[in-house]
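Residue-level listing of the chains:
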Amino acid sequence: MRRKDKEIKEKSTIEKIINEAVVCRIALSDENNPYIVPMNFGYQSNYIYLHSARKGKKIDILKVNNNVCFEVEAQVKVIESENACDWTTSYYSVIGFGKAELIIDDNDEKIKGLNVIMEKYSGNKIHEYSQEKLDKITLIKIYLESISGKKSAL
């Protein structure tokens with residue numbers, strides 16, 4: 001990171017930002033073409049969990065190249081100024097890199113990941129999922145190999 005004064009190194013602070021974030025953007029590479037997708041997500045024990053349909057561009061890309069970059073942010077505020085060049089943004093962000101695994105047939109693993117996602121948004125740890133719904137989804141489980149945090153706070 002170029003600006004060491006903005007770097008966040010404490011894992012607890014990084015995890016707090018991840019847990020506060022509402023949207024996770026995953027970046028994929030389709031040969032030499034970048035592809036980025038905003039998604040609902042859950043985080044637990046160094047894994048990002050994402051709910052997906054069984055088919056689609058991101059699934060096609062991940063089957064060929066499972067390298068993923070992700071980004072989340074929290075507490076984003078635009079800071080206005082009289083002078084246009086003095087406008088700024090206050091935020092906390094996390095960027096990470098990892099390897100994605102597609103969970104297609106393991107219902108226990110799907111339920112575990114879906115519960116992590118649902119707990120983030122609902123506050124409840126346990127949910128029920130019909131077999132019909134489980135059969136229609138793929139769970140994307142990203143093992144985080146590296147993460148870094150950045151703050152631009154006033």
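Everything that follows concerns the structure shown earlier in this document.
Residues numbered from 1 in each chain as written. Predicted model: local features only at pLDDT ≥ 70, side-chain atom pairs only at ≥ 80, totals over all residues. Heavy atoms only, no water.

### Re the packing of aromatic side chains
The tally for this structure, following the rule as stated, stands at 2 aromatic pairs. On the numbers, 6.3 Å between centres and 35 degrees between planes, the contact of Tyr47 with Tyr49 is tilted. Its relative accessible area of 25% is what places Tyr47 among the partly exposed residues. Three or more aromatic residues joined by ring pairs make a cluster, and in this case those are Tyr47, Tyr49 and Tyr143. One Lys or Arg, Lys120, reaches over the ring of Tyr121 and ends 5.8 Å from the middle of that ring. (Phe/Tyr/Trp six-rings, centres within 6.5 Å; stacked < 30°, edge-to-face > 60°. Buried < 20%, exposed > 50% of the residue type's maximum accessible area, 1.4 Å probe, protein only. Lys NZ or Arg CZ within 6 Å of the ring centre and 35° of its normal.)

### Thoughts on a negative patch on the surface
Together, Glu101, Asp105, Asp106, Asp108 and Asp135 make up a negatively charged patch on the protein surface. As for its placement among the helices and strands, Asp106 is situated in the loop between strand E7 (88-103) and helix H3 (107-122). With a relative accessible area of 40%, Asp106 lands in the partly exposed category. (Patch = residues over 30% accessible without salt bridge, like charges linked within 9 Å, V, L, I, M, F, W, Y side chains within 5 Å. Areas by Shrake-Rupley, 256 points an atom, 1.4 Å probe, with all protein chains shown as cover. Salt bridge = Lys/Arg side-chain N within 4 Å of Asp/Glu carboxyl O. Lys, Arg positive; Asp, Glu negative; His and termini not counted. Charge placed at Lys NZ, Arg CZ, Asp CG, Glu CD. Helix = DSSP H or I, 4+ residues; strand = E, 2+ residues; numbered from the N terminus.)

### A word on the pairing of strand E6 (residues 67-79)
Summarising the sheet, strand E2 (residues 24-30) and E6 pair through 3 bridges and their orientation is antiparallel. What sits directly across from Arg25, in E6, is Glu71. (Pairing = 2+ DSSP bridges.)

### Quick notes on the environment of Asn115
Its location among the elements puts Asn115 in helix H3. Judged by its relative accessible area of 11%, Asn115 falls in the buried class. Sequence spacing of Asn115 and Tyr49 is 66 residues, and the spatial spacing of their C-alpha atoms is 9.6 Å. The contacts of Asn115, once residues within four sequence positions are left out, are Asn124, Lys125, Ile126, His127 and Tyr129. A polar contact of 3.2 Å, which involves the side chain of Asn115, links it to the backbone nitrogen of His127. One polar contact links Asn115 to Tyr129, side chain to side chain, over a distance of 2.8 Å. (Contact = heavy atoms within 4.5 Å. Polar contact = N/O pair within 3.5 Å; in protein donor to acceptor, adjacent residues only side chain to side chain.)

### Quick notes on the nonpolar core
If you look at the biggest cluster of nonpolar residues, it comprises 26 residues, and the most contacted ones within it are Ile26, Ile48, Phe70 and Ile142. Put simply, the parts of the chain that give this core at least two residues each are helix H1 (11-20), E2, strand E3 (33-39), strand E5 (47-53), helix H2 (57-64), E6, E7 and strand E8 (137-152). Those residues in contact with Ile142, other than ones at most four positions away along the chain, are Ile26, Asn46, Tyr47, Ile48, Leu50, Val68, Gly98, Lys99 and Ala100. Formed by 8 residues, the second largest nonpolar core is a distinct cluster that contains Tyr49, Leu114, Ile117 and Leu134. (Core = buried A, V, L, I, M, F, W, Y, C linked by side-chain atoms within 4.5 Å.)

### A few points about unusual backbone geometry
A positive phi is found at Glu31, a non-glycine position, where the angle reads about 60 degrees. As for its position among the elements, Glu31 is in the loop between E2 and E3. Glu31 sits in the exposed class, given a relative accessible area of 70%. Positive phi values are uncommon outside glycine, yet Asn46 reaches one of about 70 degrees.

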